[in-house]
Amino acid sequence: MGGSTAIRVEALSKTFDTAAVLHDFSLDVRAGELLALLGPSGSGKTTLLRIIAGLDFPDRGRIIFGGDDATQLPVQQRAVGFVFQHYALFKHMSVAENIAYGLNARRRSERPAKAEIKARVGDLLDLIKLSGFADRYPSQLSGGQRQRIALARALAVEPRVLLLDEPFGALDAQVRKDLRRWLREIHDRTGQTTIFVTHDQDEALELSDRVAVLDKGRLEQVGTPDEVQENPVSATVLKFLGDTIEVEALARDGQVFVQGRATPVVARPGLVGPVKLYARPWQLQFAEAHEAHLHGTVRSSYRTQGRQRIEVDREGEGKTVVVEASDTARLAAGLPVGLRILGGYVFAD
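Residues numbered from 1 in each chain as written. Predicted model: local features only at pLDDT ≥ 70, side-chain atom pairs only at ≥ 80, totals over all residues. Heavy atoms only, no water.

Visitor: What is the right way to look at the packing of aromatic side chains in this model?
Guide: Each aromatic ring pair is described using two quantities: the centre-to-centre distance and the angle formed by the ring planes. Inspection of the entire model under this criterion finds 2 aromatic pairs. Between Phe90 and Tyr101, the aromatic rings sit 4.7 Å apart at their centres with planes inclined by 50°, giving tilted as the arrangement. One end of the pair, Phe90, is in the loop between β6 (80-83) and α2 (95-104); the other, Tyr101, is in helix α2, and 11 residues separate them in sequence. Classification of Phe90 as partly exposed rests on a relative accessible area of 28%. For Tyr101, a relative accessible area of 37% puts it in the partly exposed group. The ring of Phe133 is capped by Arg136, whose NZ or CZ atom sits 4.1 Å from the centre of that ring. If you follow Arg252 out to its NZ or CZ, it ends over the ring of Phe257, 4.3 Å from the centre. (Phe/Tyr/Trp six-rings, centres within 6.5 Å; stacked < 30°, edge-to-face > 60°. Helix = DSSP H or I, 4+ residues; strand = E, 2+ residues; numbered from the N terminus. Buried < 20%, exposed > 50% of the residue type's maximum accessible area, 1.4 Å probe, protein only. Lys NZ or Arg CZ within 6 Å of the ring centre and 35° of its normal.)

Visitor: I would appreciate a short explanation of the side chain of Arg280 in the present structure.
Guide: Here Arg280 shows up in the loop between β14 (273-279) and β15 (284-287). Here Arg280 sits buried without a salt bridge, and the closest side chain of opposite charge, Asp243, lies 7.0 Å off (N-O distance). There is a polar contact of 3.0 Å between the side chain of Arg280 and the backbone oxygen of Leu238. If sequence neighbours within four positions are ignored, Arg280 has contacts with Leu238, Leu241, Gly242, Asp243 and Thr244. (Lys, Arg positive; Asp, Glu negative; His and termini not counted. Salt bridge = Lys/Arg side-chain N within 4 Å of Asp/Glu carboxyl O. Polar contact = N/O pair within 3.5 Å; in protein donor to acceptor, adjacent residues only side chain to side chain. Contact = heavy atoms within 4.5 Å.)

Visitor: I tried to follow the layout of surface pockets on my own but got confused; where do I start?
Guide: Think of a ball as big as a water molecule: rolled over the atoms, this probe shows where empty space is left. Approximately 840 Å³ is the volume found for the largest pocket. Surrounding the largest pocket, 22 residues form its lining, Val75, Gln76, Val80, Gly102 and Val157 being those nearest its centre. Where the lining of the largest pocket is concerned, the elements lending two or more residues are β6, α2 and α4 (143-156). Among the elements that take part in the lining of the largest pocket, β6 stands out by supplying 3 residues, more than any other. (1 Å grid on protein atoms, 1.4 Å probe; cavity = no way out; pocket = protein on both sides within 12 Å on 5 of 7 lines; lining within 4 Å. Points joined across faces, edges and corners; volume = space filled by probe spheres on them.)

Visitor: Looking at this model, I keep getting lost on the nonpolar core. Mind explaining?
Guide: Counting 43 residues, the largest nonpolar core has Ile99, Leu125, Ile149 and Leu151 as its most contacted members. Broken down by element, this core gets its largest block of residues, 7 residues, from α4. Excluding its chain neighbours within four sequence positions, the residues that come into contact with Leu151 are Val83, Leu162, Leu164, Trp182, Leu183 and Ile186. (Core = buried A, V, L, I, M, F, W, Y, C linked by side-chain atoms within 4.5 Å.)

Visitor: Help me understand the packing of α2 against helix α3 (residues 114-127) in this model?
Guide: For any two helices packed against each other, one specifies the inter-axial angle together with the distance between the axes. Across the interface, α2 lies against α3 with an axial gap of 10 Å and an inter-helix angle of 125°. In terms of orientation, α2 lies oblique with respect to α3. Here α2 and α3 pass one another in a crossing that is right-handed. Here Val95, Ala96, Ile99, Ala100, Leu103 and Asn104 of α2 lie close against α3, whose contacting residues are Ile117, Arg120, Val121, Leu124 and Leu125. Of the residues assigned to the contact of α2 with α3, the class counts are 9 nonpolar, 1 polar and 1 charged. (Axes fitted to C-alpha atoms, helices over the stretch in contact; angles between N-to-C directions. Parallel < 35°, antiparallel > 145°, perpendicular 65-115°, else oblique. Left-handed = near helix turned anticlockwise from the far one by under 90°. Nonpolar A, V, L, I, M, F, W, Y, C, P; charged D, E, K, R; others polar.)

Visitor: When you look at unusual backbone geometry in this model, what are you seeing that I'm missing?
Guide: Outside of glycine, negative phi angles account for most residues, and trans bonds account for most peptide bonds. If you check the backbone angles, Asp24 has positive phi at about 45° while not being a glycine. For Asp24, the location among the structural elements is in strand β2 (residues 19-30). Non-glycine residue Glu166 carries a positive phi angle of around 45°. Structurally, Glu166 is set in the loop between β7 (161-165) and α5 (173-190). A relative accessible area of 10% means that Glu166 is categorised as buried.

Visitor: When you look at α5 in this model, what are you seeing that I'm missing?
Guide: One turn of the α-helix equals 3.6 residues, which is why residues spaced by three or four share an orientation. Taking 1.5 Å per residue, 18 residues should reach 26 Å; α5 reaches 26 Å between its end C-alpha atoms and fits that length. Within α5, burial applies to Arg176, Leu179, Arg180, Trp182, Leu183, Arg184, Ile186 and His187. The secondary structure elements touched by the buried residues of α5 are β3 (34-38), α3, α4, β7, β8 (194-198) and α6 (201-207). At the C-terminal side of α5, Gly191 shows a positive phi close to 65°. (Expected span 1.5 Å × (residues − 1).)

Visitor: What is the right way to look at the sheet that holds strand β20 (residues 345-348) in this model?
Guide: Within a sheet, each strand pairs with its neighbour through backbone hydrogen bonds, oriented either parallel or antiparallel. Read from one edge to the other, the open sheet built from 5 strands follows the order β13-β12-β11-β14-β20, with strand pairing classed as antiparallel. Because the sheet does not close on itself, it has two edges, and the strands there are β13 (261-266) and β20. Neighbour-to-neighbour, the strand axes of this sheet turn through a mean angle of 45°, independent of strand direction. Across 3 bridges, strand β12 (residues 255-258) lies against β13 in antiparallel orientation. Residue pairing across strands places Gln255 opposite Val266, the latter belonging to β13. (Pairing = 2+ DSSP bridges.)

Visitor: Help me out: how do you make sense of the sheet that holds strand β18 (residues 320-325) in this one?
Guide: One open sheet accounts for 5 strands, arranged β15-β19-β16-β17-β18; its pairing is antiparallel. Either end of the sheet is taken by a strand with one partner, and the two such strands are β15 and β18. Going from strand to strand, the sheet's axes swing by 45° on average, the running direction of each strand aside. Bridge count between strand β16 (residues 294-304) and strand β17 (residues 307-314): 8 bridges; the pairing is antiparallel. Bridge pairing links Arg303 to Gln308 in β17.

See the structure below:
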């Protein structure tokens with residue numbers, strides 16, 4: 001994947017009525033990369049995608065395609081491919097007609113010859129592994145097949161960038177997993193610059209070359225899946241990317257203490273005094289009371305995908321901690337336990 005910039009978002013701001021949706025938002029999308037826009041509902045993901053597509057326009061800021069300012073260009077002149085969550089296929093058209101729609105809709109002077117369009121449709125049906133489906137109609141296809149057709153239609157016009165808005169949100173869990181792997185394979189074969197919106201952390205981390213985490217219209221962090229998981233820049237990023245516990249702690253001389261007991265967590269230089277320590281479920285271990293950083297009572301214990309997940313009500317705090325373990329038998333509700341912190345992340349209180 002090259003380092004050149006395919007799309008530059010510069011200081012973008014957008015307000016609907018009195019609600020600010022994007023705040024001075026900037027982001028570079030590299031040519032040929034698959035970038036995920038990840039964040040909770042209302043974080044500005046879809047608004048950003050629609051502005052890149054030309055379906056909405058910003059109050060301030062610019063959209064640069066390559067070296068060209070596309071901020072005021074209408075959607076028809078941006079050469080983008082857009083795939084929606086709910087397919088948006090034409091019910092009265094066959095699969096082949098749906099895929100060819102964008103090519104046939106061009107002005108006569110720009111429209112490819114019929115034989116060229118037919119060949120392009122055939123190539124795309126091969127690419128999405130639906131050869132032989134050309135004459136079927138959307139009503140005769142499964143949800144996963146319809147979404148593949150929607151993607152082929154977007155690719156048919158050879159877009160500068162492919163935009164996907166929650167493309168698998170309407171599908172069941174197993175179909176989502178299958179299509180995630182398939183989309184990554186398609187991307188690797190085509191090298192298409194792609195931006196997709198999701199609120200599913202697993203989807204973003206599994207599929208993307210880089211992840212941009214949004215919150216309340218601002219860019220919190222952008223990096224590879226490993227970077228955002230292992231080196232989150234804020235508690236917001238950390239908490240959005242998976243289960244965490246939050247513990248009052250004290251940073252002193254580079255060490256982090258919980259209830260007066262040292263933890264293995266290292267405080268970054270300059271971080272002193274009261275802090276928040278955040279740990280993942282697998283960064284906790286059951287321990288004897290005299291070795292524990294936290295104490296509590298088992299609320300429930302259940303198995304998920306080969307591991308035990310134990311919910312523990314923290315003593316005197318009214319908060320519940322989730323612990324993951326692979327070698328722990330199911331624990332009885334009401335059992336008093338101690339927990340030792342094996343690792344985590346620290347941010348200012």
